Structures are given as C-alpha cells and as structure tokens.
Amino acid sequence: MTGLRGGRPGRYDGFASRTRKGTDLALADGLVGDNLTTVQEIEHLHGRPSWDCRTCGHPWPCANAKAGLAAEFRGFPSVLAIYMSAQMHDALMDLTAHGAAAPSDLYERFLAWIIR
C-alpha cells in the first residue's frame, strides 16, 4: 500500500499506473535488465468534476475501482469507509456546484458496497 490514494506514481494521459519492479534482493543478486520483470497496472481513478472513471467511463467507483480499493484497504474497512466518505463529500460538492440536485445514488456508489 502506497498511502491513501494521494500522489500515485506514473501518471500519464489521465491514467494512473503503478509499476512494480523486482526486489532489491534480485538487484543484489545481479538480476538486472531482461531478468527483471516489470508489471504495469492501470488504476481506475475518478475524473473531476464528473466523477466518472477515467479508465472505463462508468460512474466512479466502478467495479474495478471497488475491487482495487477493497484489496488496498484489506483488513482496514473503517479506514476505507472514512476515505470513501471523504470522496463522497467531494463528489457531492462537485456534482451540485452549479445548482444541480444531489444524485440519489451517492450512498450506494460510495459506501454501501464496503460492508458487503
């Protein structure tokens, strides 16, 4: 876990990616270059002010974002609930900034899935 979603490395063209390289032990053993595996994962992050996923375009958190968040906060559901409450607040402020009515599905989108 690299923190509470802030300052993700590897941002490119609106997509966030996380790159994982072999361990320092592999480097110490001389496993460099072609012997070092790099895996890149595309994260499903929200776009503001629409709060749609910047990767798949579904309302955020999309199914992939929920799976990633559940894995990242595994063992810490209360921290996930606090984080998602803050995200829901930001979404509410963005989505109602121009006088629009508050979306009726915010609780289901942001919090209801956490306790399942």
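Residues numbered from 1 in each chain as written. Predicted model: local features only at pLDDT ≥ 70, side-chain atom pairs only at ≥ 80, totals over all residues. Heavy atoms only, no water.

How do you make sense of the overall build of the protein chain when you look at a structure like this?
Helix and strand content of the protein chain: four helices and four strands. Ordering the α and β elements of the protein chain from the N terminus gives β-α-β-β-β-α-α-α. When burial is assessed residue by residue, the protein chain has 28% of its 116 residues classed as buried. Expressed as a percentage of contacts within the protein chain between residues at least 6 apart in sequence, the contacts between residues at least 24 apart total 48%. Accessible surface, the protein chain: about 7500 Å² in total, of which carbon and sulfur atoms supply 58%. (Helix = DSSP H or I, 4+ residues; strand = E, 2+ residues; numbered from the N terminus. Buried < 20%, exposed > 50% of the residue type's maximum accessible area, 1.4 Å probe, protein only. Contact = heavy atoms within 4.5 Å. Areas by Shrake-Rupley, 256 points an atom, 1.4 Å probe, with all protein chains shown as cover.)

Please clarify how the nonpolar core should be interpreted in this entry.
A general feature of soluble globular proteins is that nonpolar side chains tend to end up buried together. Membership of the largest hydrophobic core comes to 16 residues, with the highest contact counts inside it found for Trp60, Leu69, Leu80, Met84, Phe110, Trp113 and Ile114. Counting residues per element, the ones that place at least two in this core are helix H2 (63-72), helix H3 (77-95) and helix H4 (106-110). For this core, the element with the most residues is H3, which contributes four residues. Non-local contacts of leucine 80, meaning those with residues more than four positions away in its chain, are made with Leu69, Ala70, Phe73, Trp113 and Ile114. (Core = buried A, V, L, I, M, F, W, Y, C linked by side-chain atoms within 4.5 Å.)

Where do I start with the confidence of the model for the protein chain in this structure?
Note: predicted coordinates in regions of low pLDDT should not be interpreted at a detailed level. For the protein chain, per-residue confidence averages 77 on the pLDDT scale, and residues scoring 70 or more make up 64% of the total. Confidence drops under a pLDDT of 50 for residues 1-32, and excluding neighbours within four residues, the segment shows 54 contacts in the predicted structure. (pLDDT = per-residue confidence, 0-100.)

Sorry, what's going on with unusual backbone geometry here?
Negative phi is the rule for most residues except glycine; trans is the rule for most peptide bonds. Each neighbour pair has its own omega, and for arginine 48 with proline 49 the value is 10 degrees, a cis peptide bond. Mapped onto the fold, proline 49 is located in the loop between strand E3 (46-47) and strand E4 (52-53). In the segment running from tryptophan 60 into proline 61, the intervening peptide bond is cis, with an omega of 0 degrees. Position of proline 61 among the secondary structure elements: in the loop between E4 and H2. The backbone of tryptophan 51 shows a phi angle near 60 degrees, a positive value even though the residue is not glycine. Structurally, the position occupied by tryptophan 51 is in the loop between E3 and E4. Residue class for tryptophan 51 comes out buried when judged on its relative accessible area of 0%.

Teacher, can you tell me more about the side chain of glutamine 87 here?
Structurally, glutamine 87 is set in helix H3. If sequence neighbours within four positions are ignored, glutamine 87 has contacts with His46, Trp51, Trp60 and Phe110.

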